[in-house]
Amino acid sequence: ASRRRSARRIDGVVMDEMSSDDDSEDDTVRVDDVMVSSSEDELEESANGAGHFDTTEREMTRERRLAEGLSLSCSMSEAPDDEVRALVRKVSARLEEVDGAKEAELERDAERADMRDAEDLDEDGLVIAAAREKALMGDRSNCAGETSKIGGWDYGVEEAQEALRAFMEQINTRSNAANSYAHVGAVHVANAKGMTDAIMDTVDAGRPMCCAVGAGRRVAVGTDGGFIFLQRETKDKDTEVSCLRTANNFAGLSVTPSVTSLCFSERGEWLLAGYDDGGLALWDIKRNPTILKTIVGAHRTPVVALSMLPVLNASGAVDAISSEEGGLVIHHTFSPLGMGVIRVKSTSLGERTFVIAAQAMPRAHYTSAAEINAHENGIISPTWGETPSTFDAAKHVADGAGIVALCTMNAVLIMRLHPRAEVIAKIVRPPNTDMKVLPVMCWSPRNVDDIVVEEDVENCNLVVVWGSSVYVLAVKVEATRALQKMNSEHDKRSGNASQVLKSWSFDSNISVGAVAVAWLTQGVICVLSDRQKLHVCTPEGVNIEQMSLNEPPSSREITRTSHGQEVGSERLQCWNSTVTMHGVYLAILSPSRLRLGKLLGWRERVHAKKNANDWVGAFETLLQARDQKVAVWPILPKKFNDSELTKKKTLEILIELVPKFLIESLSARAPQVDNPVHQDAISRVVLGLFLAFDALELLYSPTIFGVFLHSKCESAFLERIVPHVMSDKLRALPVEVMQALVDHYAALGDADVIEKCVLHMDVESLDLNQVARLCKQHGMYSAFAHVFTRVLNDFTTPMETMFNASLTPVFGDKTRVRQLLLFMLESMRGKPFPTGQGELSKDLVARVHMEIMKFLFAPVALDSLVNTTHDMDRRVCIAWHAAMQLASNSKILNLPPARLLYLLLAEPKASSTVLMEAIKDWDASESEILNLEEASSERMGSQIIAEAAVFAAKACGEADLPTSRSSLLIFTASIVGAGRAAVAQSVEEDLLEALVCASTVNDKVDREEAMVSILGRRIDEGTMPQNALNVLKLASEAHFVQAEAVIQMAHGDHISAIRAFAADRHYYTAATHYADVLLGKAEPGMLRAQQSNAGPAVGRAQPLDPKDIESFRKKLLEDMPAILHISAEVCARIAVAHFPEAQPEVLRALSPEPMLQFQYLRQVLEAAHESSESKYSPYDMTLTDLVCATNHLVTSEMNELYFRLMCQFEPQGVLRFLLSNAAHELDSEKCLSYCQEFHVNDAVAHLLEHSGRFEESLSIYLQNYSTTIRAMAQLFAPSGAQWAKTASTDSLMKGFTIEANDALNVAVSLCRRVAGQAERGDEMWWSCLDSIIRSLDELSGGAYARVRAVLHEHLEDALRVMLGRVDNAQILEMLVSRHGNRDISELRKLLSRVFSNCSLEREFLKAEGSSVAEEAEKKAEEDSKIRRRGRRGTQRVLK
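All values derive from a computational prediction rather than experimental measurement.

Draft legend 1. Expanded view of the overall build of the protein chain. When helices and strands are tallied, the protein chain shows 54 helices and 39 strands. When contacts within the protein chain are restricted to residue pairs at least 6 apart in sequence, long-range pairs at least 24 apart make up 64% of them. For the protein chain, the computed accessible surface area is about 67,700 Å², with 49% contributed by carbon and sulfur atoms.

Have a look at this one:
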């Protein structure tokens, strides 16, 4: 079937109608047919073709389409060729600029590397030597800022702890040896073997049921066989166990009831026992246990809880609380009447209270002398908390109230018994706590010195544990007299008397429920969990440690009855009376044994861990104790805590333990004793410990250091000493230690380590003879100089020693020469070598100065320095032989001093620096320096040095060493130029020529400054060089701007001088500052020139005579074009500063060269339109500051001319200029015409938008977009492979993609801004979309896949922006109406995806909003429930 193609005009080419019966292709236009030609010939043919559009025709076409109301879109086939080529050039230029910058940087790196290789001899030897000395001393700047840290406690502890961790990791590798350690914690729990054996050996004793701990380390255990086993201390501190038993007679039968609860009195003299038949028995156990009183019938069910309160008065009456399982609670008062007679008064406190545990508040106690002594020795006294105070009603409010805590199944009741029994606080079950969880509680110990009574109220602390939740509460107890004064109407309190101070929870994975709690001291709480874990923590909730127990305590079942529609009962586990505490003791009764626990002091813990072979734990505890950071330290009043005494005691223990640790760890039987890692770990531990205790000097006692020296750990120990010496912590070492250290590192060939150590020590404490011998023997010359200068103030011996060391074994040893030169330089500057810390006195510096010059000028024969048997540095050897040859052939009468010449040849640059320092503010005659009796030589020291430098430079020239020669010439020129020395005129002229012609690069600025100094002196003396013109020519060829300008200034040619200064890239303000000085706007002088970075030549400038100023200004104005050719910035600055009203003249002078006009205007206008507040004087201002300060007139003509020139020469900056404040005064119509003239499309579009011609502006943006897409497609066309030769395809593709993204974003942004204002706003949106779609239609085939992918992204982005601004139905209608005759299946898929995604996003946002609302409502409801529950709980408490 034949197809017929319509004629189309594409890029100016008219395609004739074609028909073919064999044409099987579709009617899509192929991109190959519309691409730009790849060769210049084809470009010309295309340009000359009949259908080629010129610019005017394109503008007419665009305007015609706009007038006819057609679409503003533009497909890529409509993109003009010239714009495509311009875009390609733009992107290629940008890529070339980036690649060129990278290549230039690589070339610069290569040049610098080559320069370093070629100019290796020009390296600064002093810098290298200083770096070496700094490495020897370490970073002293950091050390100075961290002195307190390095030598302080924190650093020592960190080092010791890190060492202990490393040691533990190392020993853990030994077949799990660490697992064999017996656990020793804050609380030591052990089996009470005597008591356990007594129970097991007694027939019919039965199962243990309850236990109690009392004063005097008394322990009692009751069994279900009716036995009570009592353990007491004997006079010889041993323990004995007694067996007590009682029986009830009923119906003629002897019945032995089970013992269900026990309780000691405050002083441990009485023991109250409760039985399962409800009976009570009071035992006197002070001597021989006897029953004082039996109470039968008070209770009907087993007694489950007992508590005896402290004695309050001299009568000895004791209050006690007993509770039975049936719920009855009774208050008993036992009053002794004498002769063993006890009277009992019992009062019921409640019938249905169901108290399962009771504990009386402990009486306030004093700190006894025994407790203080034990505390100071790191032991917690066995009688801690057992020294009762004398009762004082005013000070001991709680003691007079008789406070007891009663624990029920659902609450803890705080009851006072005096003056009447009443509940003063109730701690109820927390919310969300399982009903099966029973509470446990314990009172805090009370010390008299810690009690605070305010307004007759004392706060007493109580800990209550519900399951895994711990609460520390403060209970307010009012004084008795305050209650007695109350009237009956005020008896009721306004609220609960308890307050939660702290609460926390244990990890549920570690602990599920609390069995018991014990408050051993004010700072330690122990919680026993039903998972056989003993948790030791502080009242603040800080976990100290956890211990595992082998067997849980005994438990009993108690019954809780529930009332309601279904009556039933529940059996709950209760461990009351099987875990008890008193003071620092804890008793845990299990079915098979009794275990006793004690809170350990730091010394007890240290020795316990040491006995368990846990050295790491022992030392860690010792470290904590040293700073009183042991978490279980018993809280005594501050007046009894002597930190200095504690440090002394812990240090004594350390000295006692370390030898034992070393002997055990380094013995032949010890595992891994031959392992270097193990040896290093041991050394690190010992050093870290003594560092932490700030007692490193004690480390070298025979008992400790002797063990190291006679063990395999000697090397590791010596190597571990070095870091502490380097940190300035070890300032001295005994002779034997120092000798061992030197021998060790000498054998390793690492003498630098020894030298570092010597430099960090107090040399006055060392054996000088030993140190000096070691330093010379091992080449430690820095340490040698340090010792001699610090102790003996001898500077000559170190110089001679280092100089001789540079001669042998290697002649010209650079390291030694540099070290010697640095020593001289630092000493003349008054800094101690090599430490640099402190300053030498002025008198000493003057003496050192003379000694250095005497050393350099000392008469030594030249040939005596060289020994042919020596190894030689090749460069120094060549230079030295050249000098010897020159000396033998020359007729010089006064040869330079040998040492001075040697140093100049070996290190020219460093020697020049040192010698310049030597003669800077000092000079003396040769006779004075050498102390010659006769004034045989009046030559000054600087003259001798200059002559030696000239001689050395000649030798280097003969030896073909240009770098060394250049350094020496610069040095000589600086001396001669300063007038410190004189040389022959011929020599001076040769010197100038040598400075200019030197081939070195790094010292170019120095050579130029040296040349300026010589020329300046000659000019001042009025003796210009005879070959001045030749020198000027050489200076110009070498680009020695400053030297060239000095000669021109001497001839009065100021204009030529300004031209020369304008080309100076190093002293960039030279020209402007010179003009300012000449015209009287800047102060003359070298100081001002240095401050302005104008250079030494400008420092010689002087103001012109007033009568010559006007003629100079005229010449300067005429020469502005020439200056502008050299530097536009210099020209602009001079014009602004000195010709503010003559801008038209400057512009007219530059009119033949528009590019120069543009550069000049850019400098002036950019400076004029920037805001700046300068604080400097006019001659220090930047161009911007100068324009603002002089109120420089910027006319509209200047702005307009600048804008036109910018359109011509810098079109990429036009739009940025239009957006700035500088363009506000410009005529927009003229700007538009200029932009259209030079085809600055982005600026044209911007101006059209601001004039309200939105559609024209959009058409330009879309034209730019289509041009970019066409250029992008050209890359993948067959003809584009050869066309895109400017850069790689990938690079060009990235550049085109960026351009396309920017063009589309600008077009879309325009639509977003103005679519609502434009008449055809919807058409503008559609044009953006249509430009993309039309370009997609024109691209087919796999070759353009990457371009199509970019277009798909653009299409999706454009659609997303349009959604919400243009109706979806309208978008679809436009697509169907304009592209309905094409295959838009791919486009339909894209639209479906975009629409569905947007729909999903809206649905997601709606769902999220409803979800958030639901969560907020739920949270509000939960908060309301919590508040209602809290109000109900408060009401119950009040009732």
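Draft legend 2. Highlighting the packing of aromatic side chains. Per the counting criterion, the structure on display carries 15 aromatic pairs. Relative to Phe717, the ring of Phe705 has its centre 5.6 Å away and its plane inclined at 55°; by these criteria the two rings are tilted. Here Phe705 is found in helix α16 (residues 702-709), whereas its partner Phe717 is found in helix α17 (residues 714-726), with 12 residues between them in sequence. What makes Phe717 buried here is its relative accessible area of 0%. Ring geometry for Phe811 versus Trp880: centroids 6.0 Å apart, planes at 65°, classification edge-to-face. Residue Phe811 is found in strand β38 (residues 810-811), and its partner Trp880 is found in helix α25 (residues 874-889); the two are separated by 69 residues along the sequence. The pair formed by Phe811 and Trp880 is uniform in burial state, with each residue classed as buried.

Draft legend 3. Spatial organisation of the packing of helix α23 (residues 814-828) against helix α24 (residues 842-857). Following both chains from N to C, one finds α23 and α24 inclined at 150°, their axes separated by 9 Å at the closest point. Our classification of the angle between α23 and α24 gives roughly antiparallel. The handedness of the crossing between α23 and α24 comes out as left-handed. Across the interface between the two elements, Leu820, Met824, Ser827 and Met828 from α23 touch Val845, Val848, His849, Ile852, Phe855 and Leu856 from α24. Partitioned by chemical class, the residues of the contact of α23 with α24 number eight nonpolar, two polar and no charged.

Draft legend 4. Highlighting the state of the cysteines. This model, assessed by the stated rule, comprises zero disulfides. Cys211 provides the cysteine sulfur closest to Cys210, a residue in no disulfide bond, and the two sulfurs are 7.2 Å apart.

Draft legend 5. Structural context of the nonpolar core. By size, the foremost hydrophobic cluster in this structure holds 204 residues, and its most contacted members are Met824, Met1011, Phe1061 and Phe1203. When residues of this core are assigned to their parent elements, the largest contribution, 11 residues, is made by helix α50 (residues 1289-1314). Other than its neighbours up to four places away in sequence, Phe1203 contacts Val1214, Phe1217, Leu1218, Leu1226, Cys1231, Tyr1234 and Cys1235. Membership of the second largest hydrophobic core comes to 74 residues, among which are Leu666, Leu691, Leu696 and Met726.

Draft legend 6. Structural context of the pairing of strand β27 (residues 469-478). Bridging between strand β26 (residues 457-466) and β27 involves 10 bridges; their strand directions are antiparallel. Following the sheet pairing, Asn461 is matched in β27 by Ala474. Remark: two residues form the turn of the hairpin made by β26 and β27, two consecutive strands paired antiparallel; Gly467 in that turn has positive phi of roughly 65°. Where β27 meets strand β28 (residues 498-505), seven bridges bridge the pair, whose relative direction is antiparallel. The residue of β28 that forms the bridge with Val475 is Ser498.

Draft legend 7. Spatial organisation of helix α20 (residues 768-778). Three or more residues of α20 are buried, namely Gln770, Val771, Ala772, Leu774 and Cys775. Buried residues in α20 make contact with α18 (735-748), α19 (751-759) and α21 (781-792). Once α20 finishes, Gly779 follows within two positions and takes phi at roughly 70°, a positive value.

Draft legend 8. Layout of the sheet that holds strand β36 (residues 585-589). The strand order across the open sheet built from four strands is β5-β37-β36-β35, with neighbouring strands paired in antiparallel fashion. Two strands bound the open sheet, and with one partner strand each, they are β5 (187-191) and β35 (579-582). Sheet twist, expressed as the average angle between the axes of neighbouring strands with direction ignored, equals 20°. Here five bridges tie β36 to strand β37 (residues 594-599), and the two strands are oriented antiparallel to one another. When the sheet's bridge partners are listed, Leu586 is paired in β37 with Gly597.

Draft legend 9. Broad picture of the pattern of salt bridges. For the structure shown, the criterion picks out 21 salt bridges. Between Glu604 and Lys598 there is a salt bridge, and its shortest N-O distance comes to 3.1 Å. Residue Lys598 is classed as buried on the basis of its relative accessible area of 12%. The salt bridge involving Glu851 is made with Arg847; its shortest N-O contact spans 2.5 Å. One end of the pair is Glu851 and the other is Arg847, both in helix α24 and four residues apart, which spans about a single turn.

Draft legend 10. Just the sheet that holds strand β13 (residues 270-275), in detail. One open sheet holds the four strands; their spatial order is β12-β13-β14-β15, and the pairing between them is antiparallel. Bordering the open sheet on either side are β12 (259-264) and β15 (290-295), each of which pairs with just one other strand. Each neighbouring strand pair of the sheet contributes to a mean axis angle of 20°, computed without reference to strand direction. As defined by bridge partners, β12 adjoins β13 across five bridges and the pair is classed as antiparallel. The residue bridging Phe264 from the neighbouring strand is Leu271, located in β13.

Draft legend 11. View of the packing of helix α14 (residues 643-666) against helix α15 (residues 676-692). Following both chains from N to C, one finds α14 and α15 inclined at 180°, their axes separated by 12 Å at the closest point. Here α14 is positioned roughly antiparallel relative to α15, judged by the angle of their axes. Residues Leu654, Val658, Phe661, Leu662, Ser665 and Leu666 of α14 touch α15, and the partners they reach there are His678, Ile682, Val685, Val686, Leu689 and Phe690. Broken down by class, the residue content of the contact of α14 with α15 amounts to 10 nonpolar, two polar and no charged.

Draft legend 12. Spotlight on the environment of Ala681. The residue Ala681 is located in helix α15 in this model. On a C-alpha basis, the gap between Ala681 and Ala716 in space is 8.5 Å, while along the polypeptide they are 35 residues apart.

Draft legend 13. A look at the side chain of Ser307. Residue position: Ser307 is located in strand β16 (residues 303-308). According to the relative accessible area criterion, Ser307 is buried, its value standing at 4%. Separated by 2.9 Å, the side chain of Ser307 and the backbone nitrogen of Ala360 make a polar contact. Look past the residues within four positions of Ser307 in its chain and what remains in contact with it is Cys263, Asp319, Ala320, Ile321, Ala358, Gln359, Ala360 and Val404.

Draft legend 14. Spotlight on unusual backbone geometry. Looking along the chain, the bond that leaves Thr808 and enters Pro809 is cis, with omega of 10°. Its location among the elements puts Pro809 in the loop between α22 (796-807) and β38. Cis peptide bonds are those with omega within 30 degrees of zero, and the linkage from Phe833 to Pro834 qualifies with -5°. As for its placement among the helices and strands, Pro834 is situated in the loop between α23 and α24. Notably, Asp456 is not glycine yet its phi reads approximately 60°, a positive angle. Within the secondary structure, Asp456 is located in the loop between β25 (453-454) and β26. You will see that Asn613, though not glycine, has its phi angle at about 65°, which is positive. With respect to the helices and strands, the residue Asn613 is situated in the loop between α12 (602-611) and α13 (615-626). Among the residues examined, Asn613 registers a relative accessible area of 32% and is labelled partly exposed.

Reading the values: the criteria
Residues numbered from 1 in each chain as written. Predicted model: local features only at pLDDT ≥ 70, side-chain atom pairs only at ≥ 80, totals over all residues. Heavy atoms only, no water. Helix = DSSP H or I, 4+ residues; strand = E, 2+ residues; numbered from the N terminus. Contact = heavy atoms within 4.5 Å. Areas by Shrake-Rupley, 256 points an atom, 1.4 Å probe, with all protein chains shown as cover. Phe/Tyr/Trp six-rings, centres within 6.5 Å; stacked < 30°, edge-to-face > 60°. Buried < 20%, exposed > 50% of the residue type's maximum accessible area, 1.4 Å probe, protein only. Axes fitted to C-alpha atoms, helices over the stretch in contact; angles between N-to-C directions. Parallel < 35°, antiparallel > 145°, perpendicular 65-115°, else oblique. Left-handed = near helix turned anticlockwise from the far one by under 90°. Nonpolar A, V, L, I, M, F, W, Y, C, P; charged D, E, K, R; others polar. Disulfide = S-S within 2.5 Å. Core = buried A, V, L, I, M, F, W, Y, C linked by side-chain atoms within 4.5 Å. Pairing = 2+ DSSP bridges. Salt bridge = Lys/Arg side-chain N within 4 Å of Asp/Glu carboxyl O. Polar contact = N/O pair within 3.5 Å; in protein donor to acceptor, adjacent residues only side chain to side chain.

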